[in-house]
Amino acid sequence: MLTGELADHLIINLAALIIIANLLSHIHVFRKTILQEHRSVKQDFVLSLVFVALIVGSTSLEVNMGLYGFNTRMIGAMSAGLLGGPLVGFFASMLGGLYVLLTASPAVLAHSEAFSTVCFGLLGAGFYPYFQRGKWKYRDLILLAVFAELFEIFSLLRLTVSMKVAIEAIIEMSIPMMLINVVGLMVFIANFNYVFIQQDAETTRQLQRI
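Residues numbered from 1 in each chain as written. Predicted model: local features only at pLDDT ≥ 70, side-chain atom pairs only at ≥ 80, totals over all residues. Heavy atoms only, no water.

## Regarding the packing of helix α4 (residues 73-84) against helix α6 (residues 110-126)
Here is the rule we go by: A fitted line through C-alpha atoms serves as each axis, taken over the contacting stretch for helices, and the angle formed by two N-to-C directions is quoted from 0 to 180°. In this description a helix means any DSSP run of H or I spanning at least four residues, a strand means any run of E spanning at least two, and both kinds are numbered starting from the N terminus. Definitions for this section: a left-handed crossing has its near helix turned counterclockwise from the far helix by less than a right angle. A right-handed crossing has that turn clockwise. Residues count as neighbours in contact if any of their non-hydrogen atoms are within 4.5 Å of one another. Ten residues, namely Ala, Val, Leu, Ile, Met, Phe, Trp, Tyr, Cys and Pro, are considered nonpolar, four, namely Asp, Glu, Lys and Arg, are considered charged, and the remaining ones, Gly among them, are considered polar.
Running from amino to carboxyl end, α4 crosses α6 at an angle of 35 degrees, the nearest separation of the two axes being 6 Å. Like other packed secondary-structure pairs, α4 and α6 cross with a definite hand, here right-handed. Of the residues in α6, those in contact with R73, M74, A77, M78, G81 and L82 of α4 are E113, T117, F120, G121, L123, G124 and A125. Looking at side-chain class alone, the contact of α4 with α6 contains seven nonpolar, four polar and two charged residues.

Structure below.
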């Protein structure tokens, strides 16, 4: 059940992510790096640290209600792949997953939560060619986010030692987590959409001058 207190905490976490996304989209160095089609491994690793910070922050600020901690780390992990590409998604999700594995509570859910975090980043990386340069629709992003949350439910069932614990956690978290993360991912990525549109417009203007 999504109580008033839980809703307030999740909305605050989501608002913080949106503010961070807006700030990042206006930082010249970050925008320039995101727009680069060819980056070195070092540049990808440094870029991934930004998304690792988002994953760590979302995990640290999660709201514990019963067995499962409600959080928005899916947004940071998947955005790493969608915005940064395969290597950024890989680095960010692996480091973020390691943090989740070491700090998740209760420990019985740690493996499934860490595995889900890694898969979020890899899933985003897999769709990077389609979503880059603003070539995406909100419907596609909603479907991708819903699939990610359904996969998290599946991993809870497969990797949690106690089936009873997994089912109780799913009952507690499935609907509110899906709603908040789907909306959050849409808004987070939308902050960067205009960056790609501006880049395409500038490229078009340069071609016209030529």
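## Quick word on the packing of aromatic side chains
Aromatic ring pairs are described here by two measures, namely the spacing of the ring centres and the angle between the planes. Let me state the cut-off plainly: Two aromatic rings from Phe, Tyr or Trp, using only the six-membered ring of Trp, form a pair when their centres are within 6.5 Å; if the ring planes differ by under 30 degrees the pair is stacked, by over 60 it is edge-to-face, and anything between is tilted. Whether a residue is buried, partly exposed or exposed follows from its accessible area with a 1.4 Å probe, protein chains only, as a fraction of its type maximum: under 20%, in between, or over 50%, in that order.
Per the stated rule, a full pass over the model turns up seven aromatic pairs. Each ring, one from F115 and one from F151, has its centre 5.8 Å from the other, and the planes form 35 degrees; the classification is tilted. Taken together, the positions of F115 in helix α6 and F151 in helix α8 (residues 138-159) put the pair 36 residues apart, joining distant regions of the chain. On the basis of relative accessibility, which here comes to 39%, the residue F115 falls in the partly exposed class. Overall, the relative accessible area of 23% leaves F151 in the partly exposed class.

## Considerations on the confidence of the model for the protein chain
Using the following cut-off: A residue's pLDDT is the confidence the predictor assigns to it, expressed on a 0 to 100 scale.
Mean pLDDT for the protein chain: 81, with 82% of residues reaching 70 or above. Within the protein chain, helix α5 (residues 86-103) carries the highest mean pLDDT (93), whereas strand β1 (residues 63-65) carries the lowest (69).

## A short note on the side chain of S58
Let me state the cut-off plainly: N or O atoms closer than or at 3.5 Å make up a polar contact, with two conditions inside protein: a donor-capable atom paired with an acceptor-capable one, and, for residues adjacent in sequence, both atoms drawn from side chains.
Assignment of secondary structure puts S58 in helix α3 (residues 41-60). A distance of 2.9 Å separates a polar atom in the side chain of S58 from the backbone oxygen of L54.

## Describing the nonpolar core
What counts, and what does not: Residue types Ala, Val, Leu, Ile, Met, Phe, Trp, Tyr and Cys, when buried and joined through side-chain atoms within 4.5 Å, form a set referred to as a nonpolar core.
One finds F51, M78, L141, L185, F188 and I189 to be the most contacted residues of the largest nonpolar core, which totals 44 residues. Within the residue set of this core, elements represented by two or more residues are α1 (4-25), α2 (28-35), α3, α4, α5, α6, α8 and α9 (163-209). Among the elements that make up this core, the one with the highest residue count is α9 (10 residues). Setting aside chain neighbours within four positions, we find M78 in contact with F120, G121, L123, G124, L144, A148 and L185.

## Considerations on a nonpolar patch on the surface
The condition that has to hold: In this analysis, a patch consists of residues with relative accessible area above 30% that form no salt bridge, clustered at 9 Å for like charges and at 5 Å for the nonpolar side chains Val, Leu, Ile, Met, Phe, Trp and Tyr. Accessible surface is estimated by sampling points in the Shrake-Rupley manner with a 1.4 Å probe; for residues, cover comes only from the protein chains shown. Whenever Lys or Arg places a side-chain nitrogen within 4 Å of a carboxyl oxygen from Asp or Glu, that contact is recorded as a salt bridge.
Taken together, F45, V46, L49 and L95 make up a surface patch of nonpolar side chains, about 310 Å² in accessible area. Counting residues per element, the nonpolar patch draws most heavily on α3, which supplies three residues. Considering the arrangement of structural elements, one finds F45 in helix α3.

## Remarks on the pattern of salt bridges
All told, the structure shown has three salt bridges when counted by the stated rule. Measuring nitrogen to oxygen at the nearest pair gives 2.7 Å for the salt bridge that ties D44 to R39. Accessibility expressed as a relative area gives 16% for R39, which makes it buried. When the shortest N-O distance is used, the salt bridge between R139 and D140 registers 3.6 Å. With a relative accessible area of 54%, R139 lands in the exposed category. A relative accessible area of 15% means that D140 is categorised as buried.

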